[in-house]
Amino acid sequence: MLDERIMEVLARLEAEAADERERGVPPKRRSRQVAPTTGRFLFSLVAPQADCEALEIGGSRGYSAIWLGAGVRHLGGHVLSLEIDSYAAARWRENVADAGLEGWVDLVEGDAFESLARIDDVFDLVFLDAEKDDYEALFALARRKVERGALIVADNVLSHEDALGAYSRARQSDPTLSSLTLPLDRGLELTVVLGPPTHDAPE
Ligand SMILES: C[S@@+](CC[C@H](N)C(=O)[O-])C[C@H]1O[C@@H](n2cnc3c(N)ncnc32)[C@H](O)[C@@H]1O
């Protein structure tokens, strides 16, 4: 549910992000959170699913995790968010607690490549929002953690088309997936897993 407490934290984080952009804080030190409409879109993907297990790769300060957490709270479920930066992780914990979502969203602090190797869960939705150069390798790891019918959503495919155009083309030409680019905010690649990867399909 999107209650007042959650909306207040989201609004505070939106104001903080706008202020950092205005002051020209370098990207590495900004939250780089998704746009509010992308957050609401993520909420809309998980809220209709009962017992939805969601994985987020690139948690930053918790903005998108809060949207996802509010969504899974609707019909049950859980969000696991992975974040490598210790300052961002500390802020993530504060913000998720402020939103009252501690029971719904957990953080694994550390490098997603190492964390994913230790995680055995199966997810219904994966949100990929880490460094662009890592998308292909992180997609391959995430794909091992999902089954038929899962959704894998990747952000920034239009804002960083040079780096991520190949990511979209690989998903769209893979017959074991159905994938399209949604022109929402920075561009989202929305991929449905139709079956297990074949040997020929890019992993
Ligand atoms: C674009 S920001 C994520 C924004 C967040 N999804 C939101 O909307 O609030 C990318 C984040 O991914 C983190 N990151 C980058 N590489 C990572 C890795 N290998 N493992 C875990 N986190 C990583 C960065 O520290 C950064 O906080």
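Residues numbered from 1 in each chain as written. Predicted model: local features only at pLDDT ≥ 70, side-chain atom pairs only at ≥ 80, totals over all residues.

(A) Main features of the overall build of the chain. Within the chain one finds seven helices and seven strands. Ordered by position from N to C terminus, the α and β elements of the chain give α-α-β-α-β-α-β-α-β-α-β-α-β-β. Taken over C-alpha atoms, the radius of gyration comes to 16 Å for the chain, in line with the 17 Å a tight globule of 203 residues would show. Principal-axis analysis of the C-alpha atoms gives the chain an extent of 45 × 40 × 30 Å. When the 203 residues of the chain are sorted by exposure, 42% land in the buried category. In the chain, 69% of the contacts between residues at least 6 apart in sequence involve partners at least 24 apart. (Helix = DSSP H or I, 4+ residues; strand = E, 2+ residues; numbered from the N terminus. Rg over C-alpha atoms; globule rule 2.2 N^0.38 Å. Buried ≥ 20, exposed ≤ 12 C-beta atoms within 10 Å, placed from the backbone. Contact = placed C-beta atoms within 7 Å.)

(B) Geometry of unusual backbone geometry. With phi around 50°, Asp51 is a residue other than glycine that occupies positive phi space. Tracing the backbone shows Asp51 in the loop between helix H2 (36–46) and strand E1 (52–57). At Ser60, a residue that is not glycine, the phi angle is positive and equals roughly 45°. Counting through the fold element by element, Ser60 comes out in the loop between E1 and helix H3 (63–75).

(C) Main features of the pairing of E1. Where burial is concerned, most of E1 is hidden: six out of the six residues are buried. As paired elements, E1 and strand E2 (residues 77–83) share six bridges and run parallel to each other. Across the sheet, residue Glu56 finds its bridge partner in E2, namely Ser81. Bridge count between E1 and strand E4 (residues 123–128): four bridges; the pairing is parallel. Bridge pairing links Ile57 to Leu128 in E4. (Pairing = 2+ DSSP bridges.)

(D) Examining the site of the ligand more closely. Looking at the ligand, there are 20 residues lining it, with Gln33, Gly58, Tyr63, Ser64 and Ala112 nearest. Of all the elements in the fold, those that place two or more residues in the shell around the ligand are H3, E2 and helix H5 (112–118). (Near = placed C-beta within 6 Å.)

(E) How the structure looks around the environment of Asn95. Of note, Asn95 is situated in helix H4 (residues 86–98). Overall, Asn95 belongs to the buried group, with 22 C-beta atoms counted inside 10 Å. Here the alpha-carbon distance between Asn95 and Ile6, two residues 89 residues apart in the chain, equals 9.5 Å. Look past the residues within four positions of Asn95 in its chain and what remains in contact with it is Val9, Leu13, Arg61, Gly62 and Ile66.

(F) How the structure looks around the sheet that holds strand E6 (residues 177–182). Ordered in space as E3-E2-E1-E4-E5-E7-E6, the seven strands form an open sheet in which the pairing is mixed. The two strands at the open ends of the sheet, each matched to only one other strand, are strand E3 (105–109) and E6. The average angle at which neighbouring strand axes cross in this sheet is 15°, direction not considered. Contacts from H4 reach E2 and E3, with the element oriented near 165° to E3. (Axes fitted to C-alpha atoms, helices over the stretch in contact; angles between N-to-C directions.)

(G) Region of interest: H4. The terminal C-alpha atoms of H4 lie 18 Å apart, and with 13 residues this matches the ideal 18 Å at 1.5 Å per residue to within 8%. Buried within H4 we find Ala88, Ala89, Arg91, Trp92, Asn95 and Val96. All buried residues of H4 project into a common sector of 165° when viewed along the axis, lining one side. When the buried face of H4 is taken as reference, the exposed residues oriented beyond 90 degrees from it are Ser86, Tyr87 and Glu94. Just downstream of H4, Gly100 is the residue with a positive phi angle, here 75°. (Expected span 1.5 Å × (residues − 1). Arc of directions from axis to C-beta.)

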